[in-house]
Amino acid sequence: MGAKTLVVPGNFPIGCFPLYLTTYGSDKEEYDPITGCLTKLNEFAEYHNKMLQTKLNHIRELNPKVTVIYADYYNAVMQIYHSPYEYGFQNETLKACCGCGGPFNFDSTMKCGDLCKTVCDEPNMHK
């Protein structure tokens, strides 16, 4: 017995997340000119995904009767950041919908539902 099929997700482009943009962003950081994401954090996520795929290939070799599927979340989500209008996004894709101000509408000390938090008028227009 045991699992015959496994789906292993890769990492997201974390350099595009409001949390990381707020925490690690600055005038000195390198931003992607097309997406506005933090390049170094996305390179780190890509490196992680490459190493993960290498290990998954090794697991496949050791377990030929098991199907191991890599779910490429990184490139799937990057399509949205590269072409937001094609996916129905009208507003900034880098801003949190439920937030408390700041350039990315994110404050790590506040949670959605807190007094300061506001929810955008059209949540479906945000990631």
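Each value, and the rule that gives it
- Here, residues in each chain are numbered from 1, in the same order as that chain's written sequence.
- Only residues with pLDDT of at least 70 get local features here, since the model is predicted, and only at 80 or more are side-chain atom pairs given and counted; chain-wide, interface and lining totals rely on the full set of residues.
- The side-chain quantities take in all heavy atoms of the structure and omit both hydrogens and water.
- For every residue, the accessible area (1.4 Å probe, protein chains only) is compared with the maximum for its type, and the residue is labelled buried under 20%, exposed over 50%, or partly exposed between those bounds.
- Each helix is a run of DSSP H or I of at least 4 residues and each strand a run of E of at least 2, with the numbering of both proceeding from the N terminus.
- The arc in question is the one spanned by the directions pointing from the helix axis to the C-beta atoms.
- Any two residues whose heavy atoms approach within 4.5 Å are treated as being in contact.
- Disulfide: a pair of cysteine sulfur atoms within 2.5 Å of each other.
- Centres within 6.5 Å are what make two rings of Phe, Tyr or Trp a pair, Trp counting through its six-membered ring; a difference in plane orientation under 30 degrees is then read as stacked, over 60 as edge-to-face, and the rest as tilted.

A. Expanded view of helix α3 (residues 73–82). For α3, the full list of buried residues reads Tyr74, Val77, Met78 and Tyr81. Buried residues of α3, seen end-on, are gathered within an arc of 110 degrees and therefore sit on one face of the element. At its buried positions, α3 is contacted by α2 (39–62).

B. Examining the state of the cysteines more closely. With the rule as written, the count across this model stands at 1 disulfide. Disulfide pairing places Cys16 opposite Cys37 at an S-S distance of 1.9 Å. Taking the torsion about the sulfur-sulfur bond, which here is approximately 105 degrees, the covalent link between Cys16 and Cys37 counts as right-handed. Placement of the pair is Cys16 in the loop between β1 (5–9) and α1 (18–24) and Cys37 in the loop between α1 and α2, with a sequence separation of 21 residues. Each of the two residues, Cys16 as well as Cys37, counts as buried.

C. Structural view of the packing of aromatic side chains. Across all of its chains, the model carries 4 aromatic pairs by this definition. Relative to Tyr73, the ring of Phe12 has its centre 5.0 Å away and its plane inclined at 40 degrees; by these criteria the two rings are tilted. Pair noted here: Phe12 is in the loop between β1 and α1 and Tyr73 is in helix α3, with a separation of 61 residues, a long-range link. Since its relative accessible area comes to 32%, Phe12 is described here as partly exposed. When the ring of Tyr20 is compared with that of Tyr24, the centres are 6.1 Å apart and the planes differ by 10 degrees; the resulting orientation is stacked. Placement of the pair is Tyr20 and Tyr24 together in helix α1, with a separation of 4 residues, close to one helical turn. Accessibility expressed as a relative area gives 45% for Tyr24, which makes it partly exposed.

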